[in-house]
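What follows is each chain in one-letter form.
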Amino acid sequence: MAPATVTVTTGDVEGQQEDAVRRRGFLNGAVGIGAAVVTGTPAAAADRPAADPGAWLEKALFAPPPTGPVPLDRLERALRQAREGFRRARYDILGAELPALLAAADATRQELVGHAREQACALAAYSYSLAGELAVKQRSEVVWVASDRALAAARACGQPAPLGEATRMLSVAMRHAGRHRQAVDLLMQTGRQLADDPTPQARAVHAAMLLTCAYTAAHYGDRAAALDMVDEAQDIGARIHYGPGLKKVTIQATREQCETFRLGVFNKLGVPDEGVAVVRRVNPREFPTAERRARFHTDAARMWHQLGNHERTFASLRAIEREAPEEVRRPSVKALTADLLYSSTNLPGMREFAARTGVHG
């Protein structure tokens, strides 16, 4: 394939300095948005190889494809499309696209200066935070690497919203490592930095951090703090218009999403019976994305499982599959499926569902 040429503009330099950057061949070929970032030409769907998202994620972080900088608007567009893949729960496609996206983000911010560099650093921070989100879905330890790089880029951009998103991802990595109180302390410290920022981006990220903090506090049994933080996040979210400009914020503190976190808190506190009313008052169709609808059904499945209602647990698992087939193949959901499969209850279609989702009895 012949190398393609792209142009990079440094916004703060008088006039417009343009550098012709020639793309070298990608490792194993560029795909999807990765190709669009570098060449401006999307790859055909047939050219996109099937791959394990976790393997692509490791490649993105440890063996990125060699590429040069791209214009900021193209990088912004690529990030937006990659995030849409996450919102649709298409983790196979997202994993394949991340190597080129992250490589281009890094190359671009290293090339620029002044305000343009700060913008590129913000995009890089959001891109690495997105990589962290995928790592969490895969239960991959590389979430530590992704969140650390997101945090470094966010600090370089000097903007509160990317810093909050990166900090939230790092706290999730800490939570998975059992460092629950340290994760809460990190979130609270950073949250105080965002509390006085009136911009919608900062308020939206602050609310998202409160929800993550609430779920984390539930891990060590602090019921009062957890539920207070859910309420505070919902109060902030009620005063935010979650338009297109806030799509970089993965968790949006709408009423439905706050209720999902309330349900997760009850599950983690070991009082799933209190979550039944939450499930009954939430309409899953109100969630804006397949990923969030699947998350709600996952928490509902965990609740019903704790309550010993195998039929409703299985119904929730099937609802996950209907909304987002890749979600039901996540390690944590597969573990729930396996537990249900090996129970003494005979559920019609359970074995077929287990086999279809990668769980074998």
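All residue numbers refer to positions counted from 1 along the written sequence of the respective chain. Since the coordinates come from a predicted model, pLDDT governs what is reported: local features require at least 70, and pairs of side-chain atoms require 80 or more to be given and counted, while whole-chain, interface and lining totals use all residues. Side-chain metrics rest on all non-hydrogen atoms present in the structure, leaving aside hydrogens and water.

### Regarding the overall build of the protein
So, point 1. Helix and strand assignments follow DSSP, with helices taken as H or I runs no shorter than four residues and strands as E runs no shorter than two, numbered in order from the N terminus. Check the secondary structure of the protein and you find 16 helices and two strands.
So, point 2. Buried means the residue's accessible area, taken with a 1.4 Å probe over protein chains only, is under 20% of the maximum for its type, while exposed means over 50%, and partly exposed covers the values in between. For the protein, the residues scored as buried account for 56% of the 361 residues in total.
So, point 3. Contacts between residues were defined by any pair of non-hydrogen atoms, one from each residue, lying within 4.5 Å. Put simply, 67% of the contacts in the protein that link residues at least 6 apart link residues at least 24 apart.
So, point 4. The protein chains shown are the only cover counted for residues, whose accessible areas, like all others here, come from Shrake-Rupley with a 1.4 Å probe. Put simply, the protein shows about 15400 Å² of open surface, and 48% of that area lies on carbon and sulfur atoms.

### Observations regarding the confidence of the model for the protein
So, point 1. For every residue, the predictor assigns a confidence score, pLDDT, that lies between 0 and 100. With 86% of its residues at a pLDDT of 70 or more, the protein has an overall mean of 86.
So, point 2. Scored below 50 in pLDDT, residues 1-31 shows 68 contacts in the model against residues more than four places distant or in partner chains.

### Examining the packing of helix α9 (residues 200-218) against helix α10 (residues 223-237)
Between two packed helices, the angle of one axis relative to the other and the distance separating the axes together describe the packing.
So, point 1. Following both chains from N to C, one finds α9 and α10 inclined at 165°, their axes separated by 8 Å at the closest point. Between α9 and α10, the angle is such that the two are roughly antiparallel. Relative to α10, the crossing made by α9 is left-handed. Between α9 and α10, the residues in contact are Arg203, His206, Ala207, Leu210, Leu211, Cys213, Ala214, Ala217 and Ala218 and Ala226, Met229, Val230, Glu232, Ala233 and Ile236, respectively.
So, point 2. In terms of residue class, the contact of α9 with α10 is built from twelve nonpolar, one polar and two charged. The axes used here are C-alpha line fits, helices contributing only the stretch in contact, and every angle between their N-to-C directions lies in the interval 0 to 180 degrees. Just so you know how the angles are binned, under 35 degrees is roughly parallel, over 145 roughly antiparallel, 65 to 115 roughly perpendicular, and the rest oblique. Helix crossings fall into two classes, left-handed where the near helix is turned counterclockwise from the far one by less than a right angle and right-handed where it is turned clockwise. Charged residues are taken to be Asp, Glu, Lys and Arg, nonpolar residues to be Ala, Val, Leu, Ile, Met, Phe, Trp, Tyr, Cys and Pro, and polar residues to be all remaining types, Gly included.

### Examining helix α14 (residues 310-323)
So, point 1. Between the first and last C-alpha of α14 there are 20 Å, a value that for 14 residues agrees with the 20 Å anticipated at 1.5 Å per step.
So, point 2. Every buried residue of α14 is listed here: His310, Thr313, Phe314, Ser316, Leu317, Ala319, Ile320 and Glu321.
So, point 3. In this structure, the buried residues of α14 make contact with α13 (290-306), α15 (331-341) and α16 (350-356). Each helix should span, by expectation, one fewer than its residue count multiplied by 1.5 Å.

### Focus on the environment of Ser171
So, point 1. Within the secondary structure, Ser171 sits in helix α7 (residues 160-176).
So, point 2. Assessed through its relative accessible area of 0%, Ser171 is described here as buried.
So, point 3. Discounting residues that sit within four places of it in the chain, Ser171 has contacts with Ala183, Leu186, Leu187 and Thr212.

### Re the side chain of Glu165
So, point 1. Secondary-structure assignment places Glu165 in helix α7.
So, point 2. Not counting residues up to four positions away in its chain, the partners in contact with Glu165 are Tyr126, Ser129, Val205, Lys248, Val249 and Thr250.

### A short note on the packing of aromatic side chains
So, point 1. The aromatic pairing rule takes the rings of Phe, Tyr and Trp, using the six-membered ring of Trp, and pairs them if the centres are within 6.5 Å, calling planes under 30 degrees apart stacked, those over 60 edge-to-face and the rest tilted. All told, the structure shown has three aromatic pairs when counted by the stated rule.
So, point 2. Geometrically, a lysine NZ or arginine CZ counts as sitting over a ring once it is within 6 Å of the ring centre and also within 35 degrees of the ring normal. Directly above the ring of Tyr220 sits Arg181, whose terminal nitrogen or CZ lies 4.0 Å from the centroid.
So, point 3. The ring of Tyr215 is capped by Arg295, whose NZ or CZ atom sits 5.8 Å from the centre of that ring.

### Here we look at the environment of Val249
So, point 1. Secondary-structure assignment places Val249 in the loop between α10 and α11 (255-269).
So, point 2. When the C-alpha positions of Val249 and Pro162 are compared, they lie 8.9 Å apart, and in sequence the two are 87 residues distant.

### Digging into the nonpolar core
So, point 1. Judged by nonpolar contacts, the single largest core of 106 residues is most densely connected at Leu57, Leu98, Leu211 and Leu317.
So, point 2. Sort the elements by how many residues they give to this core and α9 lands first, with 13 residues.
So, point 3. In contact with Leu98, other than residues within four places in its own chain, are Leu57, Ala60, Ser127, Ala131 and Leu134. Only buried Ala, Val, Leu, Ile, Met, Phe, Trp, Tyr and Cys residues count toward a nonpolar core, and they belong to the same one when joined by side-chain atoms within 4.5 Å.

### Re unusual backbone geometry
So, point 1. Positive phi outside glycine occurs at Ala89, with the angle close to 60°.
So, point 2. Tracing the backbone through its elements, the reader meets Ala89 in the loop between α3 (72-87) and α4 (91-111).
So, point 3. Here Arg139, not a glycine, exhibits a phi torsion of approximately 55°, which is positive.
So, point 4. Along the chain, Arg139 falls in the loop between α5 (114-137) and α6 (143-157).

### Concerning the pattern of salt bridges
So, point 1. Within this document, salt bridges are pairs made up of a side-chain nitrogen of Lys or Arg and a carboxyl oxygen of Asp or Glu, the two lying within 4 Å of each other. In this structure the tally under the stated criterion is 22 salt bridges.
So, point 2. A salt bridge links Arg356 to Glu321, with the shortest nitrogen-to-oxygen separation between them at 2.8 Å. Of this pair, Arg356 sits in helix α16 while Glu321 sits in helix α14, and the two are 35 residues apart along the sequence.
So, point 3. The partner of Glu327 in a salt bridge is Arg330, and the shortest N-O contact between them spans 3.2 Å.
So, point 4. For Glu327, a relative accessible area of 0% gives the class buried.
So, point 5. On the basis of relative accessibility, which here comes to 11%, the residue Arg330 falls in the buried class.
So, point 6. Beyond isolated ion pairs, a larger network of salt bridges with shared partners links Asp231, Arg255, Glu256, Glu259, Arg262 and Arg281.

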